[in-house]
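Residue-level structural notes
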Amino acid sequence: MAALDPHGGKRRSFRIRMARRSVAVAALLTFSAVLPPSAGSAAEPKDPAKELAKLEKRAASLSKEYRGELISLNEAKAAAKRAKADAERLDREYEAARVDVSRIAASTYMSGRMDTIPIVTADDPSASVRDATVLEHLSRNNGRRVQALQNLSVQAAKSQKDTGAKVAKVREEVEDLESQRKRVSKLMAKYKPEVPTSGGGGSSGRPDGASGTKSPITGNSMTARMRTVLQAVDGKFGAFPAIGCARPGDPQDHGSGRACDFMESTGGQMPSSSALAHGDAVAQYVIDNASRFGIKYVIWRQRIYDMRGSGGWKQMEDRGSVTQNHYDHVHVSVL
């Protein structure tokens, strides 16, 4: 009888069940190997969200004292928030994948089968061949799930590390600006806030814009301090393809008449090597004369030189285009 046949279907079914269980056990062991350390691990870093919240309070105080537009600090804060959001998203994806793999591994271990794979019965004449295919498919399918989980684990860990680095950058910016409080306080006292005059007048009797320049000006409305800088730069380095100043509605210095862009190319094109060298000279001239002109900061070639910090160029985040990264113009803001 088949039930007593040592080579019969029941014996073969038993071997197949044991083989499937072996694959499931291997899957469970592999899954366990990719689990992250427990939440209470001694190596776990402090909460970047809490630290960022504290730093933002200090940054808000600095922005008020230093007349706003702390570009480098604001960019660092934005980058930290993006990194934090990415880390949280990856954590959610990782947890969902971990639960999925855990369920499948446990189910396979307990039942000796994979829910989504039909099991070929032992009564089928070609069962041995097909069962071998099923087992191979099971191993391959489980391997892909575990590999996906491993990839998510690596990405989540990297994102957490990036978040820590971005928050550290914010801390560095805040501490640098705070270290300059005494010097900046004197700078603010020397250069009182100005607003553009109301179109053709003012106590000095000078017009609200700049006249007699070598370069065409768009948005020819600015504070007296910005006008002095524009005329000095244009007189020494003009003519520029264009100089762009006031932009109504802009919430930053262009909107208040405290900034101008000295263009080195037009149409969003990368300037030639000679134009880039020209921009370098313009930026350096403004920096060298910052105290005389009341300069707040200069942006050029995706870098910022803020006179309220400890000094030096600082790399900026990639904004995505030649113009947004300030490769085609030197931006100058005054106090």
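In every chain, residue numbers begin from 1 and rise along the written sequence. Owing to the predicted nature of the model, reporting of local features is limited to residues with pLDDT of at least 70; listing and counting of side-chain atom pairs is limited to 80 or more, with chain, interface and lining totals taken over all residues. As a convention, hydrogens and water are excluded, and side-chain values are obtained from all of the structure's heavy atoms.

With that settled, the discussion passes to the overall build of the protein. We count a stretch as a helix when DSSP gives it H or I for four or more residues in a row; a strand needs E for two or more, and each element gets its number in order from the N terminus. When you go through the protein residue by residue, the secondary structure sums to eight helices and seven strands. Three exposure classes are used, based on accessible area relative to the maximum for each residue type with a 1.4 Å probe and protein chains only: buried under 20%, partly exposed in between, and exposed over 50%. For the protein, with 335 residues in total, the buried portion stands at 40%. In the protein, of all internal contacts separated by at least 6 residues, the share reaching a separation of at least 24 is 68%. Working note: accessible area of the protein is about 17800 Å², and carbon and sulfur atoms make up 55% of it. Only heavy atoms enter the contact rule, under which two residues are in contact if any of them lie within 4.5 Å. The method behind every accessible area is Shrake-Rupley, applied with a 1.4 Å probe, and residues are considered shielded solely by the protein chains displayed.

A word on the state of the cysteines. Cysteine sulfur atoms are paired as a disulfide whenever they fall within 2.5 Å. According to the stated counting rule, one finds one disulfide in the structure shown. The residue that forms a disulfide with Cys245 is Cys260, at a sulfur-sulfur distance of 2.1 Å. Residues Cys245 and Cys260 share a disulfide whose torsion about the S-S bond is about 110 degrees; that sign makes it right-handed. Of the two residues, Cys245 sits in the loop between strand 2 (243-244) and strand 3 (259-263) while Cys260 sits in strand 3, which places them 15 residues apart along the sequence. Of the two residues examined, Cys245 and Cys260, each falls in the buried class.

In a helix, the anticipated span is given by 1.5 Å times the number of residues less one. If you check helix 2 (residues 48-65), its first and last C-alpha atoms are 26 Å apart, about what 18 residues at 1.5 Å a residue would give, namely 26 Å. Directly after helix 2, the chain includes Arg67, whose backbone phi takes a positive value near 65 degrees.

Every α-helical turn comprises 3.6 residues, leaving residues that sit three or four positions apart pointing alike. Under the 1.5 Å per step criterion, the end-to-end length of helix 7 (residues 273-288) is 22 Å for 16 residues, consistent within 8% with the ideal 22 Å. What helix 7 keeps buried is the set Ala275, Leu276, Gly279, Val282, Ala283, Tyr285, Val286 and Ile287. Summarising the contacts, the buried residues of helix 7 are in contact with helix 6 (224-237), helix 8 (290-293), strand 4 (295-300), strand 5 (303-306) and strand 7 (329-334).

Right, let's talk about the environment of Ile295 for a bit. Note on placement: Ile295 falls in strand 4. Look at Ile295 and you get buried, because its relative accessible area is 2%. In the structure, Ile295 is positioned 13 residues away from Arg308 in sequence and 9.4 Å away in space, judged by C-alpha atoms. If we ignore the near neighbours within four places in the chain, the residues touching Ile295 are Val229, Val286, Ala290, Met307, Val332, Ser333, Val334 and Leu335.

Running from N to C, helix 6 and helix 7 cross one another at 140 degrees; their axes reach a closest spacing of 11 Å. The angle between the axes of helix 6 and helix 7 places the two elements in the oblique class. As helix 6 runs across helix 7, the sense of the crossing is right-handed. Where helix 6 abuts helix 7, its residues Ala232, Val233, Lys236 and Phe237 lie against His278, Ala281, Val282, Tyr285 and Val286. As a working rule, the residues Ala, Val, Leu, Ile, Met, Phe, Trp, Tyr, Cys and Pro are called nonpolar, Asp, Glu, Lys and Arg charged, and the rest polar, with Gly in that last group. Looking at the contact of helix 6 with helix 7, its residues break down into seven nonpolar, one polar and one charged. Only the stretch in contact is used when a helix axis is fitted, and all axes are lines through C-alpha atoms; the angle between N-to-C directions ranges over 0 to 180 degrees. By the definition adopted for this analysis, an angle is roughly parallel if under 35 degrees, roughly antiparallel if over 145, roughly perpendicular if from 65 to 115, and oblique otherwise. The crossing is said to be left-handed when, going from far helix to near helix, the turn is anticlockwise and less than a right angle, and right-handed when the turn is clockwise.

To continue, consider the sheet that holds strand 3. Here, a strand pair is defined by DSSP locating no fewer than two bridges between the strands. Here we have seven strands laid out as an open sheet, ordered 1-2-3-7-4-5-6, and mixed in their pairing. Each of the sheet's edge strands pairs with one partner strand only, and the pair in question is strand 1 (217-218) and strand 6 (314-315). Bridge analysis of strand 4 against strand 5 gives four bridges, and the strand direction is antiparallel. The residue of strand 5 that forms the bridge with Val298 is Tyr305. In the packing of helix 7 onto the sheet, the strands contacted are strand 4, strand 5 and strand 7, and the crossing angle to strand 4 comes to about 165 degrees.

Turning our attention to the confidence of the model for the protein. The predictor rates its confidence in each residue with pLDDT, a number between 0 and 100. Considering every residue of the protein, the mean pLDDT works out to 77; 69% of them sit at 70 or more. For the protein, helix 1 (residues 9-33) is the element with the lowest average pLDDT, namely 50, and helix 7 is the one with the highest, namely 98. Here residues 199-205 is a poorly scored stretch, pLDDT under 50, and it has six contacts once near neighbours within four places are set aside; other chains count.

Counting buried residues along strand 3, five of its five residues qualify, which places the element largely inside the surrounding structure. Residues Ala259, Asp261 and Met263 line one face of strand 3 and the alternating positions Cys260 and Phe262 line the opposite face, and both faces are buried. Both strand 2 and strand 3 contribute to a ladder of two bridges, which runs antiparallel. Paired with Gly244 across the strands is Asp261, a residue of strand 3.

What follows is about the packing of aromatic side chains. Aromatic pairs are defined between Phe, Tyr and Trp rings, using the six-membered ring for Trp, whenever the two ring centres lie within 6.5 Å; interplanar angles under 30 degrees are classed as stacked, those over 60 as edge-to-face, and all others as tilted. Tallied over the entire structure, the rule returns four aromatic pairs. Look at Tyr305 and Trp313: their rings are 5.6 Å apart centre to centre, the planes differ by 90 degrees, and that puts the pair in the edge-to-face class. Looking at Trp313, the relative accessible area reads 29%, which means it is partly exposed. Through a chain of ring-to-ring contacts, three or more aromatic side chains come together here, namely Phe237, Tyr285 and Phe293. Placement of a charge over a ring requires the Lys NZ or Arg CZ to be within 6 Å of the ring centre, with the centre-to-atom vector within 35 degrees of the ring normal. Over the face of the ring belonging to Phe237 we find Lys236, whose NZ or CZ atom lies 5.8 Å from the ring centre. The ring of Trp313 has Arg303 lying over it, and the distance from NZ or CZ to the ring centre is 4.2 Å.

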